[in-house]
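Structural features, examined
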Amino acid sequence: MAVAELNSAFTKTHFHSSQLSFLSRSVPKHQHCDFPTLHRTQQHARISCSVTQNQVQAPAVQIQEPKSKSDCYGVFCLTYDLKAEEETKSWKKLINIAVSGAAGMISNHLLFKLASGEVFGPDQPIALKLLGSERSLQALEGVAMELEDSLFPLLREVSIGIDPYEVFQDAEWALLIGAKPRGPGMERADLLDINGQIFAEQGRALNAVASRNVKVIVVGNPCNTNALICMKNAPNIPAKNFHALTRLDENRAKCQLALKAGVFYDKVSNVTIWGNHSTTQVPDFLNAKIDGMPVIDVIKDRKWLEEEFTEKVQKRGGVLIQKWGRSSAASTAVSIVDAIRALITPTPKGDWFSTGVYTDGNPYGIAEGIVFSMPCRSNGDGDYVLVKDVIFDDYLRNRIAKASVKLIS
């Protein structure tokens, strides 16, 4: 009897294309194969292929098992004791950071920022838990090799895997970057259905195995909807802990205001992105400030603010794709860093930042039950409060109302 073993973490059977090719060459067409149902807890299900009595029995073969379990990689499998070394004994306790879509372009920029200490600080050791797919597993190993070769002192562990129930174990931060992009001719409803399944599963995994206070930042688009789906499937994690990334839009708005005013962008503050990370977003110039002064007192061209400025921010991503042939990766990674640091660093007095959060209990009259970008402040403890000292006019209220309708429908 020819026997092969398959290691799987899912209820469906998955093969690499090379394995399918191998089976088609090695097993005669008239052999009978039993494929037993695989369960998550069944780590080594067996596939048994029987041969007829008058046939020469094929030798037993061992098929290379696809990795489904989150495994440590290379030098990161070595044991260590941070308290034993003079240099590291004053460091903080190691934190676990899970990243989905870890073999993609955004992650290729982000992971090295995380590992360098740029994000969490020079005394914060981290463990990176990288989630990919069977198709991207080889690329994920390449990412781990580059991290290995970079010799980051703060990067103490790297594990890779394709099962979120393994990769998200004890995660204290979950950066959900991976999502199916919208392809040519794809209907929006179809895209929402595919990504809905992905983020529902990741939400269930976080709910089952992540830290009870895990902070979740959803980057994969449509990020507001994906964040809501993920949150609804993780009832044991506080709803406040889920964020949809709109910091890139805030950064883009700051840049456009600085250009128009002829100042450097560090003079621009109090910029809010209301709504969704899409062309329905509302870049708020009414509350924004330039060098401490209201933007509308510095840039007196209201028509430019309502039309050209707003449209430039809304469509910046699409223009970049037209220019470069691919979506923004480096600036998205930078904005993820900014979003994390906004939560772990006290907000400068009088300022605020934008992030997509759950609307229940909001003070602005925005419909409840959705994830909507709003102005927030943080004490630097990973939590936030919604800003109450904002002003509205009819233009801003109407635009916010339209943006909320798009997310509800």
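Since this is a predicted model, take the numbers as computed values, not measurements.

Right, let's talk about the state of the cysteines for a bit. Taken as a whole, this structure holds one disulfide when the rule is applied. For Cys72, the disulfide goes to Cys77, at an S-S distance of 2.1 Å. Taking the sign of the S-S torsion, about 110° here, the bridge from Cys72 to Cys77 comes out right-handed.

Here we come to the environment of Thr345. Counting through the fold element by element, Thr345 comes out in the loop between helix H10 (330-344) and strand E16 (353-358). Accessibility expressed as a relative area gives 30% for Thr345, which makes it partly exposed. Each C-alpha atom, one on Thr345 and one on Arg377, is 9.9 Å from the other, the two residues being 32 residues apart in sequence. If near-sequence neighbours (up to four positions away) are discounted, Thr345 is found in contact with Ser378 and Gly380.

Bringing the pattern of salt bridges into the picture now. Opposite charge on two side chains allows them to pair when their charged atoms are near. Using the criterion set out here, one finds 13 salt bridges in the structure. Where Glu306 meets Arg302, a salt bridge forms, and the shortest distance between an N and an O atom there is 2.7 Å. Taken as a pair, Glu306 and Arg302 lie in helix H9 (residues 302-324) at a separation of four residues, close to a single helical turn. Put simply, Glu311 and Lys315 hold a salt bridge, and the shortest N to O gap is 3.4 Å. Here the residue Glu311 and the residue Lys315 both occupy positions in helix H9, the gap between them amounting to four residues, near one helical turn. Taking relative accessible area as the criterion, Glu311 reaches 41% and is therefore assigned partly exposed. Among the charged side chains, a salt-bridge network with shared partners connects Arg247, Glu250 and Lys254.

This part takes up the pairing of strand E17 (residues 371-377). In terms of burial, E17 is a largely internal element, six of the seven residues being buried. As defined by bridge partners, E16 adjoins E17 across six bridges and the pair is classed as antiparallel. In the strand pairing of E17, Val357 is matched with Phe372. Both E17 and strand E18 (residues 385-386) contribute to a ladder of two bridges, which runs antiparallel. From the neighbouring strand, Cys376 faces E18, where its bridge partner is Leu386.

Counting through the fold element by element, Arg397 comes out in helix H11 (residues 394-408). For Arg397 and Ile366, which are 31 residues apart along the polypeptide, the C-alpha to C-alpha distance reads 9.6 Å. Leaving out residues up to four positions away in the same chain, Arg397 has contacts with Tyr364 and Phe392.

All right, on to the sheet that holds strand E11 (residues 268-269) then. Taken in spatial order, the three strands line up as E11-E14-E15 in an open sheet, and their pairing is antiparallel. Of all strands in the sheet, those bounded by a partner on one side alone are E11 and strand E15 (293-294). With two bridges joining them, strand E14 (residues 289-290) and E15 adopt antiparallel strand pairing. When the bridges of E15 are listed, Ile290 appears paired with Met293.

What counts and what doesn't
Residues numbered from 1 in each chain as written. Predicted model: local features only at pLDDT ≥ 70, side-chain atom pairs only at ≥ 80, totals over all residues. Heavy atoms only, no water. Disulfide = S-S within 2.5 Å. Helix = DSSP H or I, 4+ residues; strand = E, 2+ residues; numbered from the N terminus. Buried < 20%, exposed > 50% of the residue type's maximum accessible area, 1.4 Å probe, protein only. Contact = heavy atoms within 4.5 Å. Salt bridge = Lys/Arg side-chain N within 4 Å of Asp/Glu carboxyl O. Pairing = 2+ DSSP bridges.

Honestly, that's just the spatial picture; any functional story needs more than this.
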